[in-house]
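One-letter residues, chain by chain:
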Amino acid sequence: NTLELNAIAYTYQNYIPYFTSVLDKFNEYTKQNNVDIHVSLNLYSPDNSTRNVNDYGSTVESILFKGSTKYDIFFY
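Since the model is a prediction, treat every value here as computed from it, not as a measurement. (Residues numbered from 1 in each chain as written. Predicted model: local features only at pLDDT ≥ 70, side-chain atom pairs only at ≥ 80, totals over all residues. Heavy atoms only, no water.)

(A) Region of the structure containing the sheet that holds strand 1 (residues 3-10). Strand order across the open sheet formed by three strands is 2-1-3, with parallel pairing between neighbours. At either end of the open sheet lies a strand with only one pairing partner, and these are strand 2 (37-44) and strand 3 (73-74). Here eight bridges tie strand 1 to strand 2, and the two strands are oriented parallel to one another. Note on strand 2: the bridge partner recorded for N6 is S40. Against the sheet, helix 1 (residues 16-32) engages strand 1 and strand 2, with an angle of about 170° to strand 2. (Pairing = 2+ DSSP bridges. Helix = DSSP H or I, 4+ residues; strand = E, 2+ residues; numbered from the N terminus. Contact = heavy atoms within 4.5 Å. Axes fitted to C-alpha atoms, helices over the stretch in contact; angles between N-to-C directions.)

(B) Structural detail: the side chain of S45. As for its position among the elements, S45 is in the loop between strand 2 and helix 2 (53-66). Under the relative-accessibility criterion, S45 is labelled buried at 3%. Setting aside residues no more than four positions away along its own chain, S45 makes contact with Y10, T11, Q13 and I16. (Buried < 20%, exposed > 50% of the residue type's maximum accessible area, 1.4 Å probe, protein only.)

The analysis is restricted to geometry; functional conclusions fall outside its scope.
What follows is the structure, given as structure tokens:
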């Protein structure tokens, strides 16, 4: 069974390739080395969200205080 991890991040359009590249390479590495871990990214940006970077901080804080297990990795 593959361990599925969920990550969340907020970034501006020009930094999206950085996040996707890092996670694509990580997922490729784990697959090639039979590590059985896969990370999925929920990426927010000004193009797909009405929140801004300050609201993202409040969102992360709210998720953590609620004790939610929806996300395993937070990029901030």
